[in-house]
Amino acid sequence: QLQLVESGGGLVQAVGSLRLSCVASGRTFSSSAIGWFRQAPGKEREFVAVIYWSAGATYYADSAKGRFTISRDNAKNTVSLQMNSLKPEDTAVYYCAAARRTPPLLKSSLYYDYWGQGTQVTVYS
């Protein structure tokens, strides 16, 4: 089993920044990619960004490009999401998720096997 624990959420004013962290423990070698998703009230869970654990390749949702940066620290089994220029529409619960195999569709939550409990991000104007 792989356990994921997110932290770093909070309340921030628009155009501010937050840095989310996701620490993996357990069978960390069993994951291929770590992604961030978010879910706002009344909306479906949506893809934000993903990083491949070994190669470090990254992919972003259009809404995150240019503002968010995903990175990893293999030694610490940690994946971070640096979020800059935050907007009220970024308000959501943010989840990190791990895929055991390379997801055939990166943006689909269906291909991720392990999920953290989520961390709330609230952006006010």
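Residues numbered from 1 in each chain as written. Predicted model: local features only at pLDDT ≥ 70, side-chain atom pairs only at ≥ 80, totals over all residues. Heavy atoms only, no water.

A. Region of interest: the pattern of salt bridges. The full count for this structure, using the stated rule, is five salt bridges. A salt bridge links E46 to R38, with the nearest nitrogen and oxygen atoms 2.5 Å apart. Exposure remark for E46: the relative accessible area of 36% places this residue in the partly exposed category. R38 gets classed as buried once you look at its relative accessible area, which sits at 6%. Among the salt bridges present, the one from K65 reaches D62, with a minimum N-O distance of 3.2 Å. Among the ionic contacts, a cluster of salt bridges with common partners joins R38, E46, R67 and D90. (Salt bridge = Lys/Arg side-chain N within 4 Å of Asp/Glu carboxyl O. Buried < 20%, exposed > 50% of the residue type's maximum accessible area, 1.4 Å probe, protein only.)

B. Spatial organisation of the packing of aromatic side chains. This structure, assessed with the given rule, holds six aromatic pairs. With a centroid separation of 6.1 Å and an interplanar angle of 85°, the aromatic rings of Y52 and Y59 are classed as edge-to-face. Seen in terms of ring centroids, Y95 and W115 are 6.4 Å apart; in terms of plane orientation they differ by 75°. Their pairing is edge-to-face. In this pair, Y95 sits in strand 9 (residues 92–99) while W115 sits in strand 10 (residues 114–115), placing the two residues 20 residues apart along the sequence. Classification of Y95 by relative accessible area gives buried; the value is 14%. (Phe/Tyr/Trp six-rings, centres within 6.5 Å; stacked < 30°, edge-to-face > 60°. Helix = DSSP H or I, 4+ residues; strand = E, 2+ residues; numbered from the N terminus.)

C. Spatial organisation of the nonpolar core. Of all hydrophobic cores here, the largest spans 29 residues; its most connected members are L4, W36, L81, M83 and Y94. Looking at this core, the elements with two or more residues in it are strand 1 (2–7), strand 3 (18–26), strand 4 (33–39), strand 5 (46–52), strand 7 (68–73), strand 8 (78–83), strand 9 and strand 11 (119–124). (Core = buried A, V, L, I, M, F, W, Y, C linked by side-chain atoms within 4.5 Å.)

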